[in-house]
Amino acid sequence: MKKIVSLGMAYFFLGLGMIGVFIPLLPTVPFLLVSAWFAVRGSEDLHQWLLNHPRFGQMLREWEEHGAMSRRSKIIAVSMIILSWLIMFVLAVNPWVLGFLVLLFLSVSAYIISRPEP
């Protein structure tokens, strides 16, 4: 049962990742990372397919083997975090929510920046 649920979740997140390829502002790589994580538990064939994918395989392997992110990926991720916060600021989101999001986004950005580069 655990293997079936893991396989289903792997395909679900793979689907979200593929949608993210075509829809701006929907992340692709985080969904693929989660898909690969579930694929390890549900289907070694799917996991190998993800790791050998011509477009995303290298990023997934670098993350899986070393927890590494390319400098370009880091810049894009942190830029999108800043852009997200600025959009919420312009839309006059509740100041308490903005304050919480500053702390959350700074924490996530610090984690991203601290990852080694391949």
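Described in the following lines is the structure provided in the data block. Numbers given for residues are sequential positions, taken from 1 along each chain in its written order. Residue-level local features of this predicted model are given only where pLDDT is at least 70; pairs of side-chain atoms are given and counted only at 80 or more, and the full residue set underlies all totals for whole chains, interfaces and linings. For side-chain calculations, the full set of non-hydrogen atoms in the structure is used, while hydrogens and water are omitted.

Quick look at the nonpolar core
As a rule of thumb, soluble globular proteins bury nonpolar side chains together. Grouped together as the largest cluster of nonpolar side chains are 13 residues, with contacts concentrated most on A10, L14, L32, A39, L46, L50 and L60. At the level of elements, α1 (2-22), α2 (29-42) and α3 (44-51) are the ones that each hand at least two residues to this core. Sort the elements by how many residues they give to this core and α2 lands first, with five residues. The contact criterion used throughout is that any non-hydrogen atoms of two residues lie within 4.5 Å. Once residues within four sequence positions are removed from consideration, L50 is found in contact with L14, S35, A36, A39, G57 and L60. If you look at the next biggest cluster of nonpolar residues, it comprises six residues, including M69, V78, L101 and I112. We call a set of buried Ala, Val, Leu, Ile, Met, Phe, Trp, Tyr and Cys residues a nonpolar core when their side-chain atoms join them within 4.5 Å. Burial status follows relative accessibility: with a 1.4 Å probe on protein chains alone, a residue under 20% of its type maximum counts as buried, one over 50% as exposed, and anything between as partly exposed. In this description a helix means any DSSP run of H or I spanning at least four residues, a strand means any run of E spanning at least two, and both kinds are numbered starting from the N terminus.

Points about the layout of surface pockets
Over the atoms a probe the size of a water molecule is rolled, and this reveals where empty space is left. Both cavities and pockets are sets of points on a 1 Å grid over the protein atoms alone; in a cavity a 1.4 Å probe fits but cannot get out, in a pocket the set is open with protein on both sides within 12 Å along at least five of seven lines, and lining residues sit with an atom within 4 Å of a point. Grid points are joined across faces, edges and corners, and a volume is the space filled by probe spheres set on the points. A volume near 1100 Å³ is recorded for the largest pocket. What lines the largest pocket is a set of 30 residues, among which P27, T28, V29, P30 and I76 lie closest to the centre. If you list the elements that add at least two residues to the lining of the largest pocket, you get α1, α2, α4 (57-66), α5 (71-90) and α6 (95-114). Ranked by the residues each element gives to the lining of the largest pocket, the list is headed by α5, at seven residues. When residue character is reported, Ala, Val, Leu, Ile, Met, Phe, Trp, Tyr, Cys and Pro are called nonpolar, Asp, Glu, Lys and Arg charged, and the others, Gly included, polar. Taken together, the residues that form the lining of the largest pocket break down as 22 nonpolar, five polar and three charged.

Overview of the packing of aromatic side chains
Pairing of aromatic side chains requires ring centres within 6.5 Å, counting the rings of Phe and Tyr and the six-membered ring of Trp. Pairs whose planes differ by under 30 degrees are stacked, by over 60 edge-to-face, and all others tilted. Here the structure, examined in full by the defined rule, presents five aromatic pairs. Plain terms: the ring middles of F13 and F38 are 6.0 Å apart, the flat faces sit at 5° to each other, and that makes the pair stacked. Here F13, found in helix α1, pairs with F38, found in helix α2; they are 25 residues apart in sequence, far enough to count as distant. The class for F38 is buried, based on a relative accessible area of 17%.

Some details on the environment of R61
Mapped onto the secondary structure, R61 falls in helix α4. Residues R61 and F89, spaced 28 residues apart in sequence, show a C-alpha to C-alpha distance of 36 Å.

A short note on a negative patch on the surface
A contiguous patch of negative charge on the surface is contributed by E44, D45, E64 and E65. Of all the secondary-structure elements, those providing two or more residues to the negative patch are α3 and α4. Mapped onto the elements of the fold, E64 is located in helix α4. Taking the relative accessible area as the measure of exposure, E64 reaches 41% and is therefore partly exposed. A patch is a set of surface residues, each over 30% in relative accessible area and not in a salt bridge, joined within 9 Å for like charges and within 5 Å for the nonpolar side chains Val, Leu, Ile, Met, Phe, Trp and Tyr. Only the protein chains shown count as cover for residues, and the accessible areas themselves come from Shrake-Rupley with a 1.4 Å probe. The term salt bridge refers to a side-chain nitrogen of Lys or Arg lying within 4 Å of a carboxyl oxygen of Asp or Glu. When charges are counted, neither His nor the chain ends are considered; positive counts come from Lys and Arg and negative counts from Asp and Glu. Taken as the charge centre is NZ of Lys, CZ of Arg, CG of Asp or CD of Glu, depending on the residue.

What about the pattern of salt bridges?
For the structure shown, the criterion picks out two salt bridges. As a salt-bridge pair, E117 and R71 come within 3.1 Å of each other at their nearest N and O atoms. With E117 in the segment after α6 and R71 in helix α5, this residue pair connects regions lying 46 residues apart in the sequence. By relative accessible area, R71 is classed as exposed at 53%. Between E117 and K74 there is a salt bridge, and its shortest N-O distance comes to 3.6 Å. Pair noted here: E117 is in the segment after α6 and K74 is in helix α5, with a separation of 43 residues, a long-range link. For E117, a relative accessible area of 38% translates into the label partly exposed.

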